[in-house]
Amino acid sequence: MQRPLLVGGSLLALSAGGLDILHHLAGEWGLYAVFALLGAAGVQWSNKRSEQKRTTPQAPLMVDSATMKRTLAEVKQVITHLKAEIDDPAEKVSCAAAQPRVSRLQSQVAQLTNDLNREELRIAVMGAKGTGKTTLCQLLQSAWGNEVSQTLHFTEVPGFDATTTIGLTADLLALQAAIGADLVLFVITGDLTESELQVVKRLAANKRTVLVFNKLDQYLPTDRQIVLEQLRLHMGAVLSAGDVVTIAAAPNPIKVRQHQPDGAVKEWLEAQPPALTDLTQRLEQILAQESQQLVLASSLNHAVTLKTQAKTVLSDVRRTRALPVVEQFQWVAAGAAFASPIPTLDVLATAAINAQMILDLGTLYRQKFSLQQAQKMATTLGSLILKLGLVELSTQAIASLLKVNALTYVAGGCIQGVSAAYLTRIVGLSLIEYFDAQEPNLTLTEASPLAIERFSQIVQSVFQKNQQLAFLQNFVWQAMERVVSPAASQQAPLTALPPLSTPTAPAEPLRLPLKTVVALSEALGERQEVSMLDENRSSVRLSVSSLDPTSIASN
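So, here's what we can say about the structure.

The rules behind each value
- Residues numbered from 1 in each chain as written.
- Predicted model: local features only at pLDDT ≥ 70, side-chain atom pairs only at ≥ 80, totals over all residues.
- Heavy atoms only, no water.
- Axes fitted to C-alpha atoms, helices over the stretch in contact; angles between N-to-C directions.
- Helix = DSSP H or I, 4+ residues; strand = E, 2+ residues; numbered from the N terminus.
- Parallel < 35°, antiparallel > 145°, perpendicular 65-115°, else oblique.
- Left-handed = near helix turned anticlockwise from the far one by under 90°.
- Contact = heavy atoms within 4.5 Å.
- Nonpolar A, V, L, I, M, F, W, Y, C, P; charged D, E, K, R; others polar.
- Buried < 20%, exposed > 50% of the residue type's maximum accessible area, 1.4 Å probe, protein only.
- Pairing = 2+ DSSP bridges.
- Phe/Tyr/Trp six-rings, centres within 6.5 Å; stacked < 30°, edge-to-face > 60°.
- Lys NZ or Arg CZ within 6 Å of the ring centre and 35° of its normal.

It is at 11 Å that the axes of helix α10 (residues 371-387) and helix α14 (residues 452-465) come closest, and there the two elements cross at 55°. In terms of axis orientation, α10 runs oblique to α14. Crossing of α10 over α14 shows right-handed handedness. Here α10 contributes T380, L381 and L384 to the contact with α14, which in turn contributes I452, F455, S456 and V459. Partitioned by chemical class, the residues of the contact of α10 with α14 number 5 nonpolar, 2 polar and no charged.

Printed below as a string of structure tokens:
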């Protein structure tokens, strides 16, 4: 192909010459017929290619003993670390309630280790109601099972019915029971329904599966072949053609008519033997070629399940110990906000409190944060909460609840204190959800950067869950008891408010330490103004330059 233009021109000339000769020999209609035949051949070839591509079944998952042993070692490592965390004497919160779950996991791991070398195969018979599962299971266990050299254990999985909530739960349990076996026989009595098709796909993705078309005797011979071809076509991408078999576990009796010498006719019903040949031959092939592989695949699935369960228990233990940490910091934030007369200092104090909470939660979840990382993360979380509008929403909700008590509503620091506690709780719960969603660390590891988009979704979800009226009311009253009531009890008794017409004395200038003013000036940047409360705890905005220098106490 050194001269593509020359070659292409030659082929084009030959094609044009061939079409001209064909036109002279067959005429115009003959030329059209040739084009139609070529088009039909192209469509047929395309359909065959797409059918071959569509009907290529997925290869069964191959598992070797090395992979199985490595996974089992990982399970044991997670359980060992889980037990060490539960028994850690340095932890203040006891998690002894999780000990029975750990004991069950250890027992299951020991059983799994013993089952690695078992020779018995566990076969589950599954299908909808009325498909003949019970009869087939009894026949295989009593008749054919005794003829093979290998020990087989057949289990009937209850029929499924996904039309109700109870049916959906039964479906899930049936699917779990089937996945626990080494081999699954899924029984049907005709073409697949949509629900059956989805179940078979889910089974075949995790377990060696054979589709069994039962009650073949109820179809005419021509219909039997049509249904079988349809089944193999639908399951082409999931199962091989050999894994779709036909049987008649309990065929209907046949009416027999016999003519007697005297001209009389005698009729009776003659029972037919079960027709299981296709299924038993396929099972014998699978047992001869894949017996050990089936055991390893089942053991691997069981090990992965145990590992997931162990991680779930570990997450529950860490969450149990993380919640008191969040509660501790939320009340610290409330007290700091209530006691501070300057809202800007509230923000700085809340950011510092959140940074320390991040450090403590990171230690619980084995994620190592430096102080600089925690401070940066706290600043990022504060900006995120502001952008989402959670500050305004929470303040409005809390203020509406505090209006029922005039004294607490008048106290300006009350709303700031409760809001600070509530937002600190939202941040803490969101961090717990964020850490739980990650792969749990077994050792203290350097923390990865915060995924802002993912954390934003978690914050919004947690905020929505904690917006119920009953929860907010309970939270507000807890804050009142922990923060506002102790502070009020330490103050002098309240005196009656003077009449509105009585002139009041001018307020004394607000005295602030010089370092505080300088820090506020640097923190506020170009705004150079602060928001503070006057003696009646009403909000006042003053520029830093307008503060009376004589009223500033130097340190």
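When you tally the buried positions in strand β3 (residues 183-188), you get 6 out of 6 residues, the bulk of the element. Side chains L183, L185 and V187 project from β3 onto one buried face, and the interleaved V184, F186 and I188 project onto a second face that is buried too. Sheet topology note: the β3/strand β4 (residues 208-213) ladder contains 6 bridges and is parallel. Each residue of the ladder has a partner; that of F186, found in β4, is L211.

Before going further, it helps to spend a moment on the packing of aromatic side chains. For the structure shown, the criterion picks out 6 aromatic pairs. Summarising the aromatic geometry, the rings of Y434 and F455 are spaced 5.7 Å apart at their centres and angled 80° between planes, so their arrangement reads as edge-to-face. Residue Y434 is located in helix α13 (residues 412-436), and its partner F455 is located in helix α14; the two are separated by 21 residues in the primary sequence. For the pair shown, Y434 and F455 are each scored as buried. These aromatic residues form a ring-pair network of at least three members: Y365, F369, Y434, F435 and F455. K266 extends its terminal NZ or CZ atom over the ring of W268, reaching a point 5.9 Å from the ring centre.

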